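Here is what each chain is made of, one letter per residue.
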Amino acid sequence: MTQDTAVPTTAERLEASRTIPAEPHEVFAVLTDPQGHVAIDSSGMLQSADGDRVQQVGDEFVVHMDRESLGDLPMGRYDVTVTITAYEPDEEIAWTILGTVRPLIGHVYGYRLEPVEDGTSTVVTSYYDWSDAHEDWRSSGIFPVIQESALRGTLGILERAVLRGYPLESPRET
C-alpha cells in the first residue's frame, strides 16, 4: 500500500512525496529514460521524447510538448530541451528546460529517492522549484506553472509504471 505525504512548500517551491513499493533503482530507471518522463506526466503536455537515457549532469534530451492540454496559453505544439542539473544514481535527478521563450525561465523539476528500511520500498519526493528563475519570469506571475496536485498525480502514475515493469517493450518496436 502506498501513502501520499504532504511536504512543506515555500512560496517558490512545491513538493509532494509518495512511498512506492519498489527499490530505488527501479524508480530511477524510469526517471532517467526520456520516454519515462512522457509515460508518467500527469499534465498531458509531454507528447513524446527523443534522446538517450541520461547518465550524468549535463546530459540532454528533447521533449515534444503540447501546451493546449493545460488550456492556459495558446502555445500549441513546441519542443523543449531537458538538461540534467542534478544526478545521483538511485538518489536524485533534476533538470531545467529550454524552450521557445527567452530568457531561459530557470525553473527546476526533480525527484529525490530515499529507501525505506524494509528494503523493498522507496519514498519518492517530486519537486518543482522556481527560486532561481530569471527575474523577468519571476515578476510575470506565471509561477507555479503546474500545481502540487500535478506532482502528486505524476507520483501515482510513476508508481503504476514501476509496478508494471516499465519500460515495457512497445508493440511498435516488435
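Up top is the structure.
Residues numbered from 1 in each chain as written. Predicted model: local features only at pLDDT ≥ 70, side-chain atom pairs only at ≥ 80, totals over all residues. Heavy atoms only, no water.

Caption draft 1: Quick look at the pattern of salt bridges. A full pass over the atoms with the stated rule returns 6 salt bridges. Notably, a salt bridge pairs Asp 129 with Arg 13, separated by 2.7 Å at the nearest N-O pair. With Asp 129 in strand S8 (residues 122-129) and Arg 13 in strand S2 (residues 13-20), this pair connects stretches of sequence that are 116 residues apart. Arg 77 is the salt-bridge partner of Asp 66, the closest N and O atoms lying 3.8 Å from each other. Separated by 11 residues along the polypeptide, Asp 66 in strand S4 (residues 60-66) and Arg 77 in strand S5 (residues 77-88) bring together distant segments of the chain. Salt bridges sharing partners connect three or more residues here, namely Arg 13, Glu 15, Arg 112 and Asp 129. (Salt bridge = Lys/Arg side-chain N within 4 Å of Asp/Glu carboxyl O. Helix = DSSP H or I, 4+ residues; strand = E, 2+ residues; numbered from the N terminus.)

Caption draft 2: Summary view of the nonpolar core. Core analysis: the biggest nonpolar cluster contains 42 residues, and Val 27, Ile 93, Tyr 111 and Leu 158 have the highest contact counts within it. Here this core takes 7 residues from helix H4 (residues 148-164), the largest share from any one element. (Core = buried A, V, L, I, M, F, W, Y, C linked by side-chain atoms within 4.5 Å. Buried < 20%, exposed > 50% of the residue type's maximum accessible area, 1.4 Å probe, protein only.)

Caption draft 3: The environment of Gly 119, seen in detail. Within the fold, Gly 119 resides in the loop between strand S7 (108-115) and S8. Between the alpha carbons of Gly 119 and Pro 24 there is a distance of 9.1 Å; along the sequence they are 95 residues apart.

Caption draft 4: Spatial organisation of unusual backbone geometry. With a phi close to 65°, Asp 90 is a non-glycine residue in the positive phi region. Considering the arrangement of structural elements, one finds Asp 90 in the loop between S5 and strand S6 (92-98).

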